[in-house]
Amino acid sequence: MKNKLVEKSKLSVIKGDNVLIISGKDKGKQGKIIKSIPDKKMVVVEGANIVTRHTKPSAKGRGGIQKIPAPLFVSKVMLICPKCKKPTRVKHKIDSEGNKHRYCSHCNEVFD
Ligand SMILES: [Zn+2]
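Residues numbered from 1 in each chain as written. Predicted model: local features only at pLDDT ≥ 70, side-chain atom pairs only at ≥ 80, totals over all residues. Heavy atoms only, no water.

**Some remarks on the coordination of the zinc ion**
Here's step 1: The coordination sphere of the zinc ion, as far as protein atoms go, consists of Cys81 (SG), Cys84 (SG), Cys104 (SG) and Cys107 (SG), spread over 2.3 Å.
Here's step 2: On the primary sequence, the residues serving as donors to the zinc ion are separated as C-x2-C-x19-C-x2-C. Here the residue Cys81 occupies a position in the loop between β7 (77-80) and β8 (87-88), and Cys107 occupies one in the segment after β10 (100-104), the gap between them amounting to 26 residues.
Here's step 3: We classify Cys107 as partly exposed; its relative accessible area is 26%. (Donors = N, O, S within 2.8 Å, 3.2 Å for Na, K, Ca; no water. Helix = DSSP H or I, 4+ residues; strand = E, 2+ residues; numbered from the N terminus. Buried < 20%, exposed > 50% of the residue type's maximum accessible area, 1.4 Å probe, protein only.)

Printed below as a string of structure tokens:
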């Protein structure tokens, strides 16, 4: 019997994190993660990887051309540490109660 569920592939960056884009057309841009898609290892960063979508008018809006941020692979972004403001590789540690925490590899600030 399995008494522990296999942890769903968690991303090292999550919604609300500020990240730096390290590759692609938006390299060097910073933004906040507005959505994470752990199953695909992708995140949507505010203002980054903008694509144009043509939409039909609907009850919700008048349609037309919309510019929306498309998902990026999580490997293309780096978390910006809220404390030392450096782009950092997120490290993980597990506390005495078995909870996983993320921390900064530069200043050791624990994020959550
Ligand atoms: Zn830091």
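After that view, the rundown keeps rolling.
**Details of the nonpolar core**
Here's step 1: Counting 13 residues, the largest nonpolar core has Val13, Val19, Val43, Val45 and Val77 as its most contacted members.
Here's step 2: Mapped by element, the contributors of at least two residues to this core are β1 (18-21), β3 (42-45) and β7.
Here's step 3: Aside from chain neighbours lying at most four places away, what touches Val43 is Leu11, Val13, Ile33, Lys35, Ser36, Ala70, Pro71, Leu72, Val74 and Val77. (Core = buried A, V, L, I, M, F, W, Y, C linked by side-chain atoms within 4.5 Å. Contact = heavy atoms within 4.5 Å.)

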